[in-house]
Amino acid sequence: MRSLFIVLVATMVWQVAQGQSSEPFDKLRANVSQFLQQADAAFSNTQIPAEWQNQSAVIIAQKTTFSFDQRTSFRLLGAAKKSVIILEKERRKIKLLDQNAVTLFSELYYDGGDANNGFDGKVIKADGKVIPLELEKSVSIEGDDGVPGIFKSYTSTGDERFYKVPVNGLEIGDIIDYAYQVNNVAGTYGNFLEFTPIYYPCHRQYSVMKQQFEVKLDNNTYLNHRAVNGAPAFSERTEGGYNIYNWEDGNRPIIKQQVFLNSHMQLPMVKFQIVYSSREDARNLFILDRNELKRDLTPAELSKKAAGLLQAAQASASQAIPSVRYHLSKMEVMDANDDEYIKGCYYVLRHIFSVRRNELPGAVFASTMQQLMKMRRIDVQVGVTASRYTTSIKDIIFKSELEWFVKVKDKFIFPPNAMSNLTDIPPGMQGILAYMLPAGTGEATAITLPIVPYTDNVSNFSYQVSMSAANPDHLVVTSQHEHLRNNREGEIGKVMTYEIYQFDDWKTYGGWDDTEAMRPEQQDQLNADISKYRAEGRKLKPQFMETQLKEEFSDVVSYQRFQLTQDGRNPRKPALLYHEDFTLGDMVLHAGKSLLIKLPEFLTNQLQLTDEQRSRQFDADMRNLRTYNYTITFTVPAGYKVLGLEELNQQKENETGSFSSSAILANNVVTIKTTKVYKQLLVKKEDWPKVMEWVDAAYAFSQKKILLRKQ
Amino acid sequence: MKKCFLLLVSGMILLQTSAQTEDDTYIAAVLKKQFPSERYGASLVTEEYKFEKGKGLDEKPVVRVLGNTQATFVALNDGASFPYYQFYNQFVGLSNFNYYYRNRREKFVKLNIKAIDKPMTEDGIFLDDNRVKYYPVMLRQAGEAARFEFNELYTDSKYFTRLYLHAPFAQKEHHVRLLVPAWLDVDIKEINFETFKIQKQQTTENGHKVYSYSIRDAEPMASEQHAVGLAYHYPHLIITVKKWNDGAADQQGFESTADLYKWYKYLYDKCKNDPNTLKPLVAQLTTGKTSAEEKAKALYYWVQDNIRYIAFEEGYAGFIPATAQDVLKNKYGDCKGMANLLTEMLKIAGLDAHYTWVGTRALPYSHKQVHTMCVDNHAITCIYLAGKPILLDPTEKFGAFGEYAHRITGKTALVEKGTAFEIVEIPVPAAMANKMSTKANFSIDGAHLKGSIKITLTGEMRTNFFQVYSNIPSHRQKDYLKNMLSFGNSNIEVKSSNLLNAKNRDLPVVLEGEVVFTNQVTSIGKEQFASIDYFPLSLRSYKPTDKRKLPFDLDQVCLYEDDITLTIPPTMKFVDVPDALQVETAGYKFDGRYTVANNVINLKKQLSFSKPTIATAEFSAWSKFLEQLKAFNNNLLSAAPK
């Protein structure tokens with residue numbers, strides 16, 4: 001038996017018979033030859049700016065074009081199927097300046113899945129000699145794992161058949177010039193189609209000398225577009241009966257790594273979306289009138305659009321209502337007070353959709369809540385905004401950018417996910433402008449969504465530490481972790497791994513156990529299966545958490561226990577609370593007969609700013625306000641005196657945040673307490689030194705030690 | 001976010017539920033007790049191999065091997081899911097690969113489904129002909145059974161080299177039978193049998209010599225980090241057809257190394273090189289070079305630097321090198337292509353150069369002991385200077401002339417010499433040939449240590465550095481240098497760095513920098529505590545757990561040498577100075593000691609590995625050694641005012 005250890009992972013390769021006819025490859029070449037030969041000053045360049053000579057590669061020029069065609073196929077039964085065919089072409093010319101780039105571009109990838117697709121390229125040597133690609137050496141690939149993103153099209157439909165081809169004669173200093181063409185077919189059964197929006201940052205993986213988009217559309221198709229953060233905008237012209245949209249940009253160096261960078265809100269970017277519609281059905285489109293593309297939408301216009309979407313969501317919402325009401329009646333909250341009713345609606349929706357099925361789309365959630373509140377005559381308003389990590393509300397141009405919420409009795413309620421609570425406000429929605437949709441024909445109201453204060457987004461870490469009796473160089477630790485509100489979101493994914501919560505979910509909100517509706521034998525089988533998976537989870541969970549702990553501490557000697565006390569999905573118990581017991585090495589140092597204990601190191605993963613990160617080009621988006629409290633207690637072993645605690649007392653505070661620490665000794669127990677607060681959501685780049693004060697203080701603290709002197 | 005880890009088993013085919021027999025349930029219980037962490041195991045695996053006469057490449061007489069395997073599995077847990085797979089390629093065919101389940105009458109019945117068939121190209125290979133057929137299996141209840149059967153056809157016994165008795169899964173019983181006909185002379189070598197209980201038997205059946213091997217209660221083959229190759233540890237057979245009579249005449253197999261060489265040469269000669277296309281480049285590269293060594297270096301380094309590794313290994317392309325002119329034109333090739341190109345270029349330059357076959361350390365065999373194709377998996381070049389063989393490996397980027405990558409040291413190389421050949425032993429260098437030497441001078445600056453560091457790398461340390469460095473994007477290379485200077489310690493800020501001899505692989509590479517070691521000095525009262533020792537963090541992953549089965553492969557012999565000095569103000573004195581530590585074994589050695597002269601303390605430290613592996617029998621001593629190193633590293637020095 002041959003050895004059998006190759007793991008079934010990616011790098012599966014279908015074989016193409018070598019030495020077959022070159023006819024299909026001639027076709028591939030022919031389909032892009034005109035595009036490759038197009039006269040374009042940007043592509044005739046071979047020199048790159050001197051300041052970019054020490055980079056890995058430079059994109060000399062890049063051009064992507066989209067054009068559209070329509071086709072109607074008639075069927076014997078059913079409506080005619082309209083299809084929109086997108087022809088996407090891209091040409092890219094890159095100068096390769098180091099081994100890394102030569103290695104990356106030694107193999108090129110293309111989609112050869114359609115007879116009308118195309119691909120070709122060449123290597124241009126430093127002396128001008130041209131070496132064409134040998135497409136006949138292409139090998140097909142299964143799936144698209146391993147295909148670098150730079151070779152994937154924007155208009156992919158998931159039906160690609162990728163190939164890879166080795167690039168012959170390639171060396172450092174060469175230029176590679178290649179182009180692809182793909183035909184993607186998107187079917188429509190109505191009279192409109194909004195393609196997936198494209199967000200295109202101007203700064204790329206490599207510095208760019210020139211980049212361009214060109215979109216050629218007929219009168220049934222148009223381009224929804226917006227340039228943000230200083231990016232150039234699309235220009236429009238008419239030619240031969242077509243509308244041609246052109247975008248050009250250039251001289252974009254690589255952006256250096258930054259922490260707390262909100263790239264969508266700070267870096268120049270153009271976003272666009274191709275929309276097909278026959279005019280009579282335009283009402284379903286987000287942008288109805290092409291003139292709207294040329295300016296910011298007014299609040300009234302935006303809310304009118306939102307209202308239209310809300311109206312369209314009503315039907316789906318109405319379908320959800322009966323099962324929600326059934327749950328509510330089983331819970332006996334239909335006639336409960338308003339607060340109980342509101343809570344019930346939210347958690348039932350969480351249960352039915354986010355936990356058991358798929359999350360409700362935002363508009364459907366808003367419409368559902370609206371209808372449910374109206375049934376009880378509870379005042380409700382629907383609001384829309386845009387996530388701070390996607391766009392600003394004035395720059396919304398895509399339906400998908402709208403974020404929905406409702407306001408009921410001064411509570412802002414966002415669509416639930418499987419782990420969320422009623423009062424959760426996602427970080428991206430805090431402190432930003434939103435519009436409350438008018439009831440009837442009134443005006444939309446602009447509001448600013450609240451910012452959850454740092455006193456609410458709290459993490460409390462508690463470590464009880466002692467030296468191991470078996471090995472005094474080891475520390476035995478019992479820890480408790482508590483996380484609230486937004487801080488809980490950051491931890492819950494890890495903590496809920498291997499937890500089977502779906503079947504007990506109803507208990508978290510006083511809900512109704514819908515498995516009661518199953519037949520007894522089905523219930524028995526379900527319970528038996530759940531027990532088995534829980535038993536499996538109990539075995540795997542500690543191993544998983546130990547692996548996670550090893551990301552924080554360099555030497556986890558052993559991991560004894562993980563216990564999840566509460567997951568915070570219960571509105572009455574909203575904290576995520578869990579315990580761990582473990583033993584650590586590498587925390588006890590010796591100096592003669594004295595010991596130095598790295599207790600401050602329990603403040604794990606403190607941000608350590610590099611030299612590069614100390615100066616900022618952009619303002620900092622700190623994500624959300626929050627507080628981290630640590631309490632570390634350490635039992636001093638017999639025969640030792642503690643020294644150096646006073647070095648651990650400090651306070652650094654300003655309007656952006658703070659770090660404070662204290663250490664005391666009482667009853668032979670050292671207690672160290674620290675608090676780190678992020679006070680400001682958005683920090684101007686000029687104020688970055690203020691952030692560094694307390695961030696540096698926290699990091700420096702985590703590197704300190706306490707001294708135990710032998711008595 | 002995982003909704004439910006049930007998703008881990010999704011994608012598996014839920015097949016016909018198999019009936020369970022008492023035997024299956026019993027065996028499942030027994031296997032579960034023996035291997036508690038396993039979810040499934042084989043109750044019985046039988047393999048039988050027969051030999052027949054056939055025709056191979058160029059219609060030459062060959063021996064073909066027909067194999068039949070049956071494997072019966074039982075679930076040790078409810079919901080045991082696994083893929084059962086078999087590999088095949090152009091030389092090893094796979095047929096009648098079937099899946100059976102037990103029907104209600106407890107008989108095994110064939111399932112009417114086909115195995116999933118996919119290509120399975122090895123990592124790092126652009127194209128080969130390896131494929132896999134597999135069934136995704138889901139056994140719902142413990143004790144449920146599934147059986148598989150398949151036939152293999154080795155189109156030429158040259159590719160029927162090794163049989164393992166262990167498998168990736170636990171096995172209650174595994175039996176292998178080789179039915180050798182009277183017309184066939186076969187050599188069967190037993191490797192690693194001494195550490196495992198294997199029953200052997202030789203009988204006669206219908207004129208065949210039958211060699212039987214059985215193993216019982218076999219644990220699954222371990223998959224562990226930093227482990228030696230499985231061939232070093234697990235028992236297996238190496239089967240070599242020595243000769244046979246095809247009815248008309250005696251045919252020679254691989255009775256000796258000469259026979260193996262003859263086959264290699266036969267394939268090698270199918271590569272039609274055209275030296276004329278190489279001549280202009282060779283002339284250009286050797287212009288101004290006077291000595292043979294200078295010429296050799298110029299050509300060797302050029303191939304290393306300019307030919308990329310892209311491997312086409314489909315069919316005989318896996319054995320016949322690409323022509324030198326193709327490799328030159330494409331500027332890519334695999335090890336065979338690169339070795340072929342270099343050999344031809346060296347010959348054109350007038351050097352005594354030869355194509356050479358070698359097995360890397362992944363294969364624990366020598367040409368002197370084993371005469372079958374499993375002994376080689378790599379190609380290099382051998383030149384003779386003043387009658388002395390020097391091996392050149394153009395796949396090993398940045399390898400210096402006269403230095404050998406660890407992966408081929410200690411092995412034998414088979415050098416082509418026309419109708420003759422030579423076996424060259426590749427020496428294992430002393431640890432000091434591959435050295436990282438660190439010299440640093442620090443002084444205290446508040447809570448920090450400030451100073452300069454100089455790292456000198458020789459041998460494979462240098463080669464490895466450049467292999468990584470050259471593949472980092474240019475604008476990030478400075479970060480890599482900073483990382484080197486900081487010893488992986490995030491508290492080191494590198495203020496400046498300089499790399500010397502970056503272009504000359506014949507010289508040690510030197511990395512210098514001015515650094516600040518932040519948060520390194522703990523001041524308590526008037527006392528100051530610091531460390532100037534840097535524990536080699538990479539050894540952390542070489543600490544054996546209780547469950548570890550396989551020896552460690554350190555993958556190098558090398559020497560780390562540190563000379564670190566700390567100067568404190570003349571008003572202070574050293575109070576605590578860590579004790580020295582000396583440990584010496586046959587395979588590794590450590591010597592670390594501090595010396596104080598007034599206000600200067602010096603740490604001289606040497607850590608060397610002269611053997612690249614740590615055997616399981618050495619785990620206890622090795623763990624103790626790691627603890628000793630850690631304890632040495634965890635000892636700080638202290639200083640106080642005089």
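Going by the structure above, here's the rest.
What counts and what doesn't
Residues numbered from 1 in each chain as written. Chains lettered and ligands numbered in written order. Predicted model: local features only at pLDDT ≥ 70, side-chain atom pairs only at ≥ 80, totals over all residues. Heavy atoms only, no water. Helix = DSSP H or I, 4+ residues; strand = E, 2+ residues; numbered from the N terminus. Buried < 20%, exposed > 50% of the residue type's maximum accessible area, 1.4 Å probe, protein only. Contact = heavy atoms within 4.5 Å. Areas by Shrake-Rupley, 256 points an atom, 1.4 Å probe, with all protein chains shown as cover. Core = buried A, V, L, I, M, F, W, Y, C linked by side-chain atoms within 4.5 Å. Domains from an automatic or database assignment. Pairing = 2+ DSSP bridges. Axes fitted to C-alpha atoms, helices over the stretch in contact; angles between N-to-C directions. Parallel < 35°, antiparallel > 145°, perpendicular 65-115°, else oblique. Left-handed = near helix turned anticlockwise from the far one by under 90°. Nonpolar A, V, L, I, M, F, W, Y, C, P; charged D, E, K, R; others polar. Buried area = accessible area lost by both parts, 1.4 Å probe. Salt bridge = Lys/Arg side-chain N within 4 Å of Asp/Glu carboxyl O. Polar contact = N/O pair within 3.5 Å; in protein donor to acceptor, adjacent residues only side chain to side chain.

Colleague: Go over the overall build of chain B with me, naming the residues and quoting the values.
Modeller: Of regular secondary structure, chain B possesses 9 helices and 38 strands. Overall, the C-alpha framework of chain B stretches about 95 × 65 × 45 Å when taken along its three principal axes. The proportion of buried residues among the 642 residues of chain B is 56%. Sequence separation of at least 24 residues holds for 72% of the intrachain contacts in chain B that already meet a minimum separation of 6. As displayed, chain B has an accessible area near 27,100 Å², and 50% of this comes from carbon and sulfur atoms.

Colleague: If you had to explain the nonpolar core to someone new, which residues and values would you point to?
Modeller: Counting 59 residues, the largest nonpolar core has B:Phe160, B:Leu178 and B:Tyr213 as its most contacted members. Here the element with the most residues in this core is helix 2 (residues 257-268) of chain B; it accounts for 6 residues. When residues of this core are assigned to domains, at least three map to each of domain 1 (12-252) and domain 2 (257-425) of chain B. Once you skip the residues sitting within four places of it in the chain, B:Phe160 turns out to touch B:Tyr49, B:Phe51, B:Val65, B:Tyr154, B:Leu178 and B:Ile239. One finds A:Phe461, A:Met545, A:Trp688 and A:Val691 within the second-largest nonpolar core, a separate group that totals 58 residues.

Colleague: Outline the sheet that holds strand 6 (residues 139-140) of chain A, supporting the account with residue identities and numerical values.
Modeller: Residues and elements named next belong to chain A. Overall, antiparallel pairing links the 3 strands, which are arranged 3-7-6 in an open sheet. Each edge of the open sheet is held by one strand with a lone partner, namely strand 3 (107-111) and strand 6. As paired strands, strand 3 and strand 7 (residues 162-166) are joined by 5 bridges and run antiparallel to one another. Pairing of Glu107 across the sheet is with Pro166, part of strand 7.

Colleague: I'd like to hear about the environment of B:Thr204, residue by residue, with values.
Modeller: The topology assignment puts B:Thr204 in strand 13 (residues 198-205). Distance from B:Thr204 to B:Leu179, taken between C-alpha atoms, is 8.7 Å for residues 25 residues apart in sequence.

Colleague: Any chance you could break down the packing of helix 5 (residues 299-331) of chain A against helix 6 (residues 338-355) of chain A for me, citing the residues and the numbers?
Modeller: All names here are of chain A. At their nearest, the axes of helix 5 and helix 6 sit 10 Å apart, and the two run at 120° to each other. Our classification of the angle between helix 5 and helix 6 gives oblique. Two packed elements cross with a definite hand, and for helix 5 against helix 6 that hand is right-handed. Note on element contacts: helix 6 touches helix 5 through Tyr341, Gly344, Cys345, Val348, Leu349, His351, Ile352 and Phe353, opposite Ala320, Ser323, Val324, His327, Leu328 and Met331. Here the residues of the contact of helix 5 with helix 6 sort into 10 nonpolar, 4 polar and no charged.

Colleague: Tell me about the interface of chain B and chain A, residues and numbers included.
Modeller: Contacts between the two partners involve 77 residues from chain B, matched on the other side by 78 residues from chain A. Around 6,900 Å² of area is buried between chain B and chain A when both sides are counted, 54% of it from carbon and sulfur atoms. Here chain B and chain A share 7 salt bridges between them. Residues B:Arg540 and A:Asp586 are paired through a salt bridge, measuring 2.8 Å at the closest nitrogen-oxygen approach. In this structure, the connection of chain B to chain A is made through 18 residue pairs in polar contact (both at pLDDT 80 or more). Per element, the largest residue contribution to the side of chain B that touches chain A is 4 residues, and it comes from strand 3 (residues 80-88) of chain B.

Colleague: Requested: an account of the pairing of strand 17 (residues 403-408) of chain A, with residues and values cited.
Modeller: Residue and element names in this part refer to chain A. Inspection of the sheet shows strand 16 (residues 380-385) paired to strand 17 by 6 bridges, in the antiparallel sense. The residue bridging Gln381 from the neighbouring strand is Lys407, located in strand 17. Two strands pair when backbone bridges link them, and strand 17 and strand 18 (residues 411-413) are joined in this way by 3 bridges, in the antiparallel orientation. Within strand 18, the position partnered with Lys407 by the bridge is Phe412.

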